[in-house]
Amino acid sequence: MEKAYEAKKFEDAIYSEWINSGYFNPDNLPNRNKEIFSIVLPPPNVTGQLHIGHAAMLAYQDLMVRYHRMKGDQTLWLPGMDQAAIDTQKMVDKKLKAQGIDRHQIGRKKFLREVDKFTQESKIIIKKQLQKMGSSLDWSRERYTMDSGSTKAVQQVFIKMYNDGLIYRGKRVVIWCPHCQSTLADDEVEYIEQKTPFYYFRYGPVIIGTARPETKFSDKVIVVHPQDKRYKNIVGKEFEIEWIQGKIKAKVIADISADMEMGTGAMTITPAHSFVDFELAQKYNLKVEEIINKAGRMTSAAGKLEGAPVKEAREKVVEILKKKGLIKKIDKNYIHNLSVCYRCRTPIEPLLSEQWFVNVNKPIKKGKSLKQLASQIVKNGNIKIIPERFNKTYFQWMDNLRDWCISRQIWFGHRIPVWYKKDKYKIGLKSPSEGWTQDPDTLDTWFSSALWTFSTLGWPEKTKDLKKFHPNTVMETGYDILFFWVARMILMTTYLLDEKPFDTVYLHGLIRDKQGRKMSKSLDNGIDPLEMIKDYGADALRLSMIVGSTPGIDMKLYDEKIAGFRNFVNKLWNISRFILLNIKNPKIIEKRPKPKTLFDKWILNKLDSLIDSTTKDLDNFNFSIAGMALKHFTWHDFADWYLEIAKVEKDKEEILLYCLQNILKLWHPFTPYVTETIWKNFKTDLLLIQKWPEAKYKKDEKTIKNVQIIQKIIFEINKFKNEHKINPKKSIECLIISEKYNDLINKQATVIEKLARVKHTTQEKSLNTELHLPNIKIYLKAETRKSNDKEIANLEKYIESLENKLNNKKFIDNAPTDIVKKEKEKLKETKKLLTKIKK
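The rules behind these values
Each chain has its residues counted from 1, following the order in which its sequence is written. Reporting in this predicted model follows two pLDDT cut-offs: at least 70 for local features of residues, and 80 or more for side-chain atom pairs to be given and counted; totals over whole chains, interfaces and linings ignore these cut-offs and use all residues. Hydrogens are left out, water is left out, and the side-chain values use all remaining heavy atoms of the structure. Comment: elements are numbered from the N terminus, with helices defined as DSSP H or I runs of at least four residues and strands as E runs of at least two. Type-normalised accessible area, obtained with a 1.4 Å probe on protein chains alone, sets the label of each residue: buried when under 20%, exposed when over 50%, and partly exposed for intermediate values. Contacts are assigned to residue pairs that have any heavy atoms within 4.5 Å of one another. Shrake-Rupley sampling with a 1.4 Å probe provides the accessible areas, and residues are treated as covered by the protein chains on show and by no other component. In this tally, Asp and Glu contribute negative charge and Lys and Arg positive charge; neither His nor the terminal groups of the chain are included. Each charge is placed at NZ for Lys, CZ for Arg, CG for Asp and CD for Glu. By this rule, a helix spans an expected 1.5 Å times one less than how many residues it contains. To be clear, the arc concerns the directions from the helix axis to the C-beta atoms. Only one rule defines a salt bridge in this text: a Lys or Arg side-chain nitrogen within 4 Å of an Asp or Glu carboxyl oxygen. Detection works on a 1 Å grid of protein atoms alone, calling trapped sets that fit a 1.4 Å probe cavities and calling open sets with protein on both sides within 12 Å along at least five of seven lines pockets, with lining residues defined by an atom within 4 Å of a point. Grid points are joined across faces, edges and corners, and a volume is the space filled by probe spheres set on the points. Residue classes follow a fixed rule: Ala, Val, Leu, Ile, Met, Phe, Trp, Tyr, Cys and Pro count as nonpolar, while Asp, Glu, Lys and Arg count as charged, and any other residue, Gly among them, counts as polar. Polar contact criterion, stated in full: a pair of N or O atoms within 3.5 Å, where within protein one must be able to donate a hydrogen and the other to accept it, and residues adjacent in sequence count only if both atoms are side-chain atoms. Only when DSSP finds a minimum of two bridges between them are two strands counted as paired. We call a set of buried Ala, Val, Leu, Ile, Met, Phe, Trp, Tyr and Cys residues a nonpolar core when their side-chain atoms join them within 4.5 Å. Axes here refer to lines fitted to C-alpha atoms; in helices the fit is confined to the stretch in contact. Angles between the N-to-C directions go from 0 to 180 degrees. Small angles under 35 degrees read as roughly parallel and large ones over 145 as roughly antiparallel, with 65 to 115 read as roughly perpendicular and the rest as oblique. Left-handed describes a crossing whose near helix is turned anticlockwise from the far helix through less than a right angle; right-handed describes the clockwise counterpart. Each Phe, Tyr or Trp ring, with Trp reduced to its six-membered ring, pairs with another whose centre is within 6.5 Å; inter-plane angles below 30 degrees give stacked pairs, above 60 give edge-to-face pairs, and intermediate values give tilted ones.

When helices and strands are tallied, the protein chain shows 26 helices and 29 strands. When each of the 839 residues of the protein chain is scored for burial, the buried share is 52%. Taking the intrachain contacts of the protein chain between residues at least 6 apart in sequence as the baseline, contacts between residues at least 24 apart amount to 76%. Element-wise, carbon and sulfur atoms account for 48% of the exposed surface of the protein chain, whose accessible area totals about 41400 Å². Here the protein chain contributes 145 positively and 106 negatively charged side chains, and the mean placements of these two sets differ by 1 Å.

Rendered as C-alpha cells:
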C-alpha cells in the first residue's frame, strides 16, 4: 500500500473493475436471496453538467443500493435521463442563433435533428459524471424519457386517458410564460417578494383594490360576500359608472368567494386572467374577454393602449384614472409575491388559452377522482413519506390541485397524438388519412416522467422486470420536487397500474453554502461536484453530504467540510496500512475470533454493537446516525484505543483482520472507492459483493465498564501531563490505589504503563501529586514546570485587557452574543490558569 491515499490515482480504475464485473446488474449477482430492492434514478436533465444537488442524491441512493446488494437482495438501480423539453429547446435554439441560424427557417424536422445531436453528446458527458460519483447503476438497463419505449408508454397513456374522459381540450385560464411562449404547470411557477404600489379605485358604489390596474378594462361585475352587511342593499343591482374608457354598466353579485376581510370586501373580476375569476364567470355565465395576449401585450380590449407592454399600460391606466378623480389612495409599501417562470424568471401571465388538460376531479375508480386516489394511498399508509411532516404538504397540494394543463407550445418533446382536419380532430398514433395535420404541441415533460417507475421496466408490456421490480422499494429525491414529480408519479401509477409506484419516499434537503444561502449563479457560490472530486476524492464528497444531514432539512456544504472528511478517508487508509504492513499474510477471517484479553472482548463486543446498530439505522433510513457511529468506532475505539493496545499486548492478527474487514464492509456503502482499494489487498472477490456483516449482539456490561475504568485512568494521567507541560513521552513514577478495582488495575498494569507512559512503584512517600477518581487514587512523581515572573506578568496583562473589553458598554451592546460569551470564557480560563501557576 502506498504511504498516502490519493483518490485520483485509484478511482477510475476501481470503477472500471466494477463495470467489468457485471455486478451492477442484479441478474449477475451471486448468493442472491428472495428479497427485492429496486430504485430508479431521478433522471437528470440532458441539458448539461450535474450540480451539487445531483451529487447529494447520488450519494444517498448509492449508499442504499450498495447496502442492499451486500445483504444479498436482488438490487436494481435503474439509470436514465430526462429530455427537459423547454430547457433543451432553449439551449439548442441559443446555440443555433450563435451560428446565425433561426429554427423557424430550418423547420421542425431539422431542428429536432440538432436537438438529437445535442442530447446524444450531453448524455455521454452526464453518464461520465454519474460514474465519477461511484454510482453503481445498472447501465445495461439505461433509459431516456424520449426513447422508443417511453414514447410508446406516453402515447398509450394519452389515448387511454382520453378514452376514459380524463383528457380533454378546452379553453381555460392557464399559466403562460411570454418569454418561453408556452404554458407552465402550477408548480413551475416561482415567487419573488417585491414592493409594489397597490391602488384603491372608486368603482361606482364601492372601492376596489388591485396591484394590476391594466387588467381592469373589461371588469363589469362587482362581487361581494352574501353575508357582508355593508353591501346587502346593492346586491343584484346595476350601476352606470365612469371607468377607464368612459361610461360602463356594472352589476353586483354575491358569492362566497369574496373575502370580507380583504381590503374593502368588494372586488371586480377579470375572468380571462384569474383562475378564481374564470370559475366565477363559468358559474354565472359571464362574458370572458382577453385583455393581455401571449406576447405579454395589451389586446384590442385596451382600446388606444392596444399593443402596449403590460408595465407601460399599467402606468397609463393609473394616469387616466387619476385624471378622472377615481384614485382614492395608493399604498406604495405593498409587499407582493411576483409570479415568475422557474426557468427564465420572466413574470408569468394567467391568460385564456385553448389547451389539453387532465381532469383530476372526475370520478374514475370506485367513485374517486385521480387526486383522491393519489391522496388515499398516502393516507392509508401504503406509501410512507420521510420526513413525515411532508404528508401535510402533500395533502394540501393534492386538495388544491386544478386540472393539469399538459400541452406545451414547443417543438421538442412527446408530440400530442391528435390529428386535425378543419374543425374535426381524431386521437391516434398515425394520420387517419390525407389532409389531416398533427397537433403541433408537445406534452408537459412531467407527463412522461410521471410514468418513470414503470415505463422504465417495460410497461405497457408485461415484462419480467415489471413484475419483479415494481413497485419500487424507495423513491429518493429532494423535497423541492415533491409536487413537480413525486405527486404526479403517485397520481398516474394508482390510475394506470392500480398500485403504488414505491413503498417509501425519502426526501433529502437542499445543499446551501457556508452562510446558509441557496446556491446560485448570481451569488457565484455554487460548488462543482467534479472539482470537489478532483480536489478531495468522491468518498470525501459523499461523506460530507451524508454525515450530519437530516431528511428534509437543508444543509451547509463548503470546502473545509469536505476537506475534513478527506482527512477521515486518509485515516481509514492509514489504519488499514498499519495493520496490513504488520501482518505477513493477510487473509479473510470468516468467523468471529475468540477473545484472549479484556480489550479483545471489548473491541469485539463494540464491533457487534456497531454491526447491529448500522444495520438497523440503514434499514430505517438513518444514514447520518449510522455514519457518525461508524466514524466514532473507527477513529476512537479502534484506532485510538485498540490499535495502541494491540501494540502492547501483541498476537492480535486475527482480531485485527476481522475488525478491519468488517469495518471496510460497513464503510463500503458510504465510501466505496477507498474501501474497495484497500480490500484488493485480500486478493479475493470484490468488496462490492461481499456479504454484509451479521452479529448476535448482546451488550457485555462488565467488560465495557472495566475498559472505561482503565481508559479513564490513562486519560486523567495524560491530561495531567498535558496541563503541566510534561513531555508526553516521558515516563513518570506512578502508584494507583483502589480497593474496589485493585484486581482489574493489576491485570491491566502493562496497558496503563505503556499508554500513560508511567512506571509503577510501591513507594508512596516519593510521590508528590495526587489525582482522584471515584474509588481510585492516583499518585504521581512529577516535576511540574515552575512558573516564572514573566509568565505571570503576561497572564495578568491579558486578564486586564479582557476585563477592560468586558467593562466597555459599547462592546457589550454591539458585539454578537456568542462573541461576548467567548470573551467571558477566555477570562475565566485565564484566571484559572494564573491561579494554578501561582500555586
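Here the focus is helix H3 (residues 85-98). A rise of 1.5 Å per residue sets the reference length of H3, with its 14 residues, at 20 Å; its end C-alpha atoms lie 20 Å apart and thus fit the reference within 8%. Among the residues of H3, Ala85, Ile86, Thr88, Gln89, Val92, Asp93 and Leu96 are the ones counted as buried. Each buried residue of H3 sits inside an arc of 165° when the element is viewed along its axis, so together they form one side. Along H3, exposed side chains directed more than 90 degrees from the buried face belong to Lys94 and Ala98. Positive phi appears at Gly100, one or two residues downstream of H3, with a value of about 80°.

For residues besides glycine, phi is generally negative; the peptide bonds are generally trans as well. Backbone torsion omega between Ile386 and Pro387 reads 0°, so that peptide bond is classified as cis. Along the chain, the position of Pro387 falls in the loop between strand E15 (384-386) and helix H9 (390-399). Here the bond from Trp459 into Pro460 is cis, since omega is 20°, no more than 30 degrees from zero. With respect to the helices and strands, the residue Pro460 is situated in the loop between helix H11 (452-455) and helix H12 (464-469). One non-glycine residue with positive phi stands out, namely Asn31, at about 55°. With respect to the helices, strands and loops of the structure, Asn31 is situated in the loop between helix H1 (7-21) and strand E1 (36-40).

Two side chains carrying opposite charge are able to pair once their charged atoms lie near each other. In total, this model carries 49 salt bridges according to the counting rule given. Across the salt bridge formed by Asp255 and Lys283, the nearest N and O atoms sit 2.8 Å from each other. Note that Asp255 is positioned in the loop between strand E11 (246-254) and strand E12 (267-268) and Lys283 in helix H6 (residues 275-284), a separation of 28 residues in sequence. In this structure Asp255 comes out as buried when scored by relative accessible area, which is 4%. For Lys283, a relative accessible area of 54% gives the class exposed. Measuring nitrogen to oxygen at the nearest pair gives 2.6 Å for the salt bridge that ties Glu649 to Lys652.

Okay, empty space enclosed by the protein next. Per the counting criterion, the structure on display carries three cavities of 30 Å³ or more. Of the voids in this model, the largest cavity is the one considered here, and its volume is about 230 Å³. Looking at the lining of the largest cavity, the elements that each hand over two or more residues are strand E5 (167-177), H6, strand E16 (404-405) and helix H13 (482-496). In terms of residue count, E5 provides more of the lining of the largest cavity than any other element does, four residues in total. Residue classes in the lining of the largest cavity are distributed as 14 nonpolar, no polar and six charged. In this structure, the second largest cavity encloses a volume near 60 Å³. As for the second largest cavity, its lining consists of Leu50, His51, His54, Ala55, Leu58, Gln129, Met133, Pro529, Leu530 and Ile533.

Of note, Ser455 is situated in helix H11. Counting along the chain gives 259 residues from Ser455 to Thr196, while the straight-line C-alpha distance between them is 46 Å. Setting aside anything within four residues of it in sequence, one finds Ser455 in contact with Arg143, Ser150 and Ala153.

What H6 keeps buried is the set Asp277, Phe278, Leu280 and Ala281. Around the axis of H6, the buried residues are gathered within 160° of arc, so they sit on the same side. At its buried positions, H6 is contacted by E5, strand E9 (221-224), E12 and strand E14 (349-358). Capping the start of H6 is the job of one residue whose side-chain oxygen sits 3.4 Å from the backbone nitrogen of Val276: Ser274. Downstream of H6 by one or two residues, Asn285 has phi in the positive range, about 55°.

Moving on, we come to the sheet that holds strand E6 (residues 182-184). To summarise the sheet geometry, strands pair through backbone hydrogen bonds and adopt either a parallel or an antiparallel arrangement. Strand order across the open sheet formed by four strands is E6-E5-E14-E16, with antiparallel pairing between neighbours. With one partner strand each, in any of the chains shown, E6 and E16 form the two edges of the open sheet. Relative to E6, E5 is paired through three bridges, and the arrangement is antiparallel. Looking at E6, one finds that Ile175 is bridged to Leu184.

In terms of nonpolar packing, the biggest core is built from 151 residues, with Leu541, Met545, Phe638, Ile713 and Ile778 touching the most fellow members. Counting 57 residues, the second-largest nonpolar core is a separate cluster that includes Phe395, Ile416, Trp459 and Met489.

Below, the discussion takes up the packing of helix H16 (residues 559-581) against helix H19 (residues 653-667). Contact geometry of H16 with H19 gives a least axis separation of 10 Å together with a crossing angle of 155°. What the angle tells us is that H16 and H19 run roughly antiparallel. Classified by chirality, the crossing of H19 by H16 is left-handed. Here Phe568, Leu572, Ser576, Ile579 and Leu580 of H16 lie close against H19, whose contacting residues are Leu656, Leu657, Leu660, Ile663, Leu664 and Trp667. The residue makeup of the contact of H16 with H19, split by class, is 10 nonpolar, one polar and no charged.

One ladder, built from five bridges, connects strand E26 (residues 732-737) with strand E29 (residues 776-781); its direction is antiparallel. Residue pairing across strands places Glu733 opposite Lys781, the latter belonging to E29. Sheet analysis places strand E28 (residues 769-773) next to E29, joined by five bridges and oriented antiparallel. Note that in E29 the partner of Leu771 across the bridge is Ile778. What sits between the antiparallel neighbours E28 and E29 is a turn of two residues, in which Asn775 has the positive phi angle 65°.

With mixed pairing, the four strands of this open sheet are ordered in space as E10-E11-E9-E12. Strand pairing shows two members of the sheet lacking a second neighbour, strand E10 (238-243) and E12, which therefore form its edges.

Running from N to C, H16 and helix H18 (residues 623-649) cross one another at 30°; their axes reach a closest spacing of 11 Å. Compared by their axis directions, H16 and H18 come out roughly parallel. Considering only the axes of H16 and H18, their crossing is left-handed. For the pair formed by H16 and H18, the contact residues are Phe565, Phe568, Lys571, Leu572, Ile575, Phe578 and Ile579 on the first element and Lys631, Thr634, Trp635, Phe638, Ala639, Asp640, Leu643 and Lys647 on the second. For the contact of H16 with H18, the per-class residue count stands at 10 nonpolar, one polar and four charged.

In this structure the tally under the stated criterion is 37 aromatic pairs. Considering the side-chain rings of Tyr15 and Trp18, the 5.9 Å spacing of their centres and the 75° angle between planes classify their relative orientation as edge-to-face. Taken together, the residues Tyr15 and Trp18, both in helix H1 and three residues apart, mark about one turn of the helix. Like Tyr15, the residue Trp18 is buried in the burial classification.

This part takes up the environment of Glu644. Mapped onto the fold, Glu644 is located in helix H18. C-alpha separation for the pair Glu644 and Lys9, spaced 635 residues apart in sequence, amounts to 30 Å. Only 3.0 Å separates the side chain of Glu644 from the side chain of Lys647, close enough to count as a polar contact.

Treat this as a map of the structure, not an account of what it does.
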